[in-house]
Amino acid sequence: MQGTVDGFSYGVVTPVAAFLMACLGGALGLRCTTRSLRHRDSFKAGWLALGATSIGTGIWTMHFIGMMGFSVRQAPIHYDLPITFASLGVAVLMVGIGIFIVGYRGATALTLVTGGTITGLGVATMHYLGMAGMRLQGRVEYDTLTVATSVVIAVVAATTALWAAVSVHGFLASLGASLVMGVAVSGMHYTAMSAVSVHLHGAEPVKGAGDTATSLLPMLIGPAVFLILAAVVVMFDPLLVMGDPDWRGPATARPPHRPGVPAPRHVPSYGEPANWTARPAGRGARRSVPRGGHRSQDW
C-alpha cells in the first residue's frame, strides 16, 4: 500500500519557522567565523568552534521543525531519539571541519571548495540520518536523482556560506548573506523531502497516534537555548556585530614618524593585542617588540 505523504501538515507555519532558524544559525556562524579571520587573537579556535556549532545547530533545528510538518496519513510516525540527536552531532562535526579548514588554511579557492564540500556533505548526511530515525509501519524510499540534486544544493550552499564569511563586510551585508543561506538550506531540505515516498506494510491504514509537534518540542529546548546564548555573545562583541569602522583602517597600521621625532605612545584599540610597545623612531631606533620578548637587532 502506498502511503500519502504530506510535508506541510501545519501549512506555512513549519516552513517559515524552519527558514528563520536556518537564518539565525547562519547569521551567528558567519559573524563568528568573520571575527576569527579578521581579528586574530588567542580565541581564534573558540570563535571558529562557536561558529560551527551555531551553523550546525541552526541547520538541525531547521530540519527538525520542518519534519514536524511531515506526515503519512495512513500511518503514525515516531522518532528514534539517539539517531535523531546523532544527526545533530554529525552536522556540528562536519560543519566544524569545513570551517576550521578555511579558518586555518586561508580563504583560497582550494580551501573554500574543500571546506564547502565537507560542510555540504555534512548537512546532507545530517538530513538523511535524521530521516533514518523515523519509525513507521512501512518502508521509506527515495528518488535517486532528487537526492543527488539535494546534495548538490547542500554543497553549493555551504561553499557560498564559507565564501561569504571571508568576503562579506559589514553587518547588513552579513545579514543578507544569512538570508541567502537560509533560503539555500531550506531549499535543500524540501528538495530532499520531495524525493520521499512511503510504501506501507499491509493493505489497511495503521491505527494509533504518532509523535506530535507538542511531544517533539522538548527536543528543541537544548538547541534553542544554545542559539540564544550564542546570539548574546554576538551582541556583546562590537567587533563581531559591526566589524571595523571604515575610518580606522587595519588594526596593524601605524602612523608615519618623522626622523628625529619621538613616536607617540601607542594605545591599543579594542581587538588589538595589548602587548605592543612603541620605540622611539629615528636613526638607530630599534624594532618594536612585545613586552618580555627579546629585542631585535638595530635597523
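Residues numbered from 1 in each chain as written. Predicted model: local features only at pLDDT ≥ 70, side-chain atom pairs only at ≥ 80, totals over all residues. Heavy atoms only, no water.

## Examining the overall build of the chain
For clarity, the threshold we go by: A helix here means a DSSP run of H or I that spans at least four residues, while a strand means a run of E at least two residues long, and both kinds are numbered starting from the N terminus. Here the term buried applies to any residue with accessible area under 20% of the maximum for its type, exposed to any over 50%, and partly exposed to those in between, with areas from a 1.4 Å probe on protein chains only. Here a residue-residue contact requires only that any non-hydrogen atoms of the pair lie within 4.5 Å. Surface exposure here means Shrake-Rupley accessible area, sampled with a 1.4 Å probe, where a residue is shielded only by the protein chains that are shown.
When helices and strands are counted, the chain shows nine helices and six strands. Here the chain, with 299 residues, has 41% of them falling under the buried criterion. Across the chain, every contact between residues at least 6 apart in sequence was considered, and the portion connecting residues at least 24 apart equals 80%. With the model as given, the accessible surface of the chain reaches about 15500 Å², and the carbon-plus-sulfur share is 68%.

## A few points about the side chain of His127
Rules: Think of a polar contact as two N or O atoms within 3.5 Å of one another; within protein, one of them needs to be a possible hydrogen donor and the other a possible acceptor, and neighboring residues in sequence only count if both atoms come from side chains.
Note on placement: His127 falls in helix H4 (residues 109–132). For His127, a relative accessible area of 1% corresponds to the buried category. Looking at His127, its side chain comes within polar contact range of the side chain of His63, at 3.2 Å.

## With respect to the packing of helix H2 (residues 44–68) against helix H8 (residues 221–235)
Put simply, the rule reads: Think of each axis as a best-fit line through the C-alpha atoms, taken over the contacting stretch in the case of a helix, with angles from 0 to 180 degrees between the N-to-C directions. Throughout, the term roughly parallel applies to angles under 35 degrees, roughly antiparallel to angles over 145, roughly perpendicular to angles from 65 to 115, and oblique to all others. If you view the pair so one helix is near and one far, a crossing is left-handed when the near helix is turned anticlockwise from the far one by less than a right angle, and right-handed when it is turned clockwise.
Contact geometry for H2 and H8: axes closest at 10 Å, N-to-C directions at 140 degrees. When the axis of H2 is compared with that of H8, the two are oblique. H2 and H8 meet at a crossing whose hand is left-handed. Here Trp47, Leu50, Thr53, Ser54, Thr57, Gly58, Trp60 and Thr61 of H2 come into contact with H8, specifically with Pro223, Phe226, Leu227, Ala230 and Val233.

## Points about the packing of helix H3 (residues 81–105) against H4
The cut-off we apply is this: Under the scheme applied, nonpolar residues are Ala, Val, Leu, Ile, Met, Phe, Trp, Tyr, Cys and Pro; charged residues are Asp, Glu, Lys and Arg; polar residues are all the others, including Gly.
The geometry of H3 relative to H4 is characterised by a closest axis approach of 8 Å and an angle of 175 degrees between their N-to-C directions. Considering their axes alone, H3 and H4 lie roughly antiparallel with respect to each other. Of the residues contributing to the contact of H3 with H4, the split by class is 16 nonpolar, nine polar and one charged.

## What about the environment of Ala75?
Along the chain, Ala75 turns up in the loop between strand S2 (71–72) and strand S3 (78–79). Assessed through its relative accessible area of 6%, Ala75 is described here as buried.

## Remarks on the packing of aromatic side chains
For the record, the criterion: Two aromatic rings from Phe, Tyr or Trp, using only the six-membered ring of Trp, form a pair when their centres are within 6.5 Å; if the ring planes differ by under 30 degrees the pair is stacked, by over 60 it is edge-to-face, and anything between is tilted. A ring is considered to have a charge above it if a Lys NZ or an Arg CZ atom is located within 6 Å of its centre and within 35 degrees of its normal.
According to the stated counting rule, one finds six aromatic pairs in the structure shown. Their ring planes at 25 degrees and their centres at 5.8 Å tell us that Trp60 and Phe85 sit as a pair that is stacked. Placement of Trp60 in helix H2 and of Phe85 in helix H3 is noted, with a sequence separation of 25 residues between them. Here Trp60 falls in the buried class, since its relative accessible area comes to 0%. Measuring from centroid to centroid gives 5.6 Å for Tyr128 and Tyr142, while their planes differ by 80 degrees, and the two rings are edge-to-face. Note that Tyr128 is positioned in helix H4 and Tyr142 in strand S5 (residues 138–142), a separation of 14 residues in sequence. The buried category is assigned to Tyr128, whose relative accessible area is 18%. Three or more aromatic residues joined by ring pairs make a cluster, and in this case those are Trp60, Phe64, Tyr79 and Phe85. It is Lys44 that lies over the ring of Tyr104; its NZ or CZ is 5.3 Å from the centre.

## Some thoughts on the pattern of salt bridges
Formally: Within this document, salt bridges are pairs made up of a side-chain nitrogen of Lys or Arg and a carboxyl oxygen of Asp or Glu, the two lying within 4 Å of each other.
Following the criterion strictly, the structure yields two salt bridges and no others. Here Asp80 and Arg135 are joined by a salt bridge, their closest N and O atoms 3.9 Å apart. Separated by 55 residues along the polypeptide, Asp80 in the loop between S3 and H3 and Arg135 in strand S4 (residues 134–135) bring together distant segments of the chain. Classification of Asp80 as partly exposed rests on a relative accessible area of 23%. Across the pair Glu141 and Arg139 runs a salt bridge, and its minimum N-O distance is 2.7 Å. On the basis of relative accessible area, Glu141 is assigned to the partly exposed category, the value being 30%.

## Notes on empty space enclosed by the protein
Just so we agree on the cut-off: Using protein atoms alone on a 1 Å grid, points that fit a 1.4 Å probe yet trap it form a cavity, whereas open point sets bounded by protein on both sides within 12 Å along at least five of seven lines form a pocket; residues with an atom within 4 Å of a point count as lining. Grid points are joined across faces, edges and corners, and a volume is the space filled by probe spheres set on the points.
One pass over the structure, following the stated rule, counts three cavities of 30 Å³ or more. The volume enclosed by the largest cavity comes to roughly 60 Å³. Along the walls of the largest cavity sit Ile55, Ile59, Thr119, Val123, Ala154, Ala157, Ala158, Met181, Val185 and Met188, which together make up its complete lining. When contributions to the lining of the largest cavity are tallied by element, the ones reaching two or more residues are H2, H4, helix H5 (144–167) and helix H6 (171–193).

## Some details on the pairing of strand S6 (residues 196–200)
Put simply, the test is: A strand pair is defined by DSSP finding two or more bridges across the two strands.
Side chains Val196, Val198 and Leu200 of S6 all project onto a buried face; the interleaved residues Ser197 and His199 project onto a face where none is buried. Bridge count between S5 and S6: five bridges; the pairing is antiparallel. Residue Glu141 lies in a different strand from S6, and its bridge partner there is Ser197.

## Observations concerning the confidence of the model for the chain
Quick note on the threshold: Every residue is assigned a pLDDT by the predictor, reflecting its confidence on a scale from 0 to 100.
Summarising the model, the chain shows a mean pLDDT of 77, and 73% of its residues fall at 70 or more. Averaged over each element, pLDDT in the chain is lowest for helix H9 (residues 238–242) (52) and highest for H4 (91). Contacts of residues 280–285 to residues separated by more than four positions or lying in other chains number nine contacts, the stretch itself having pLDDT below 50.

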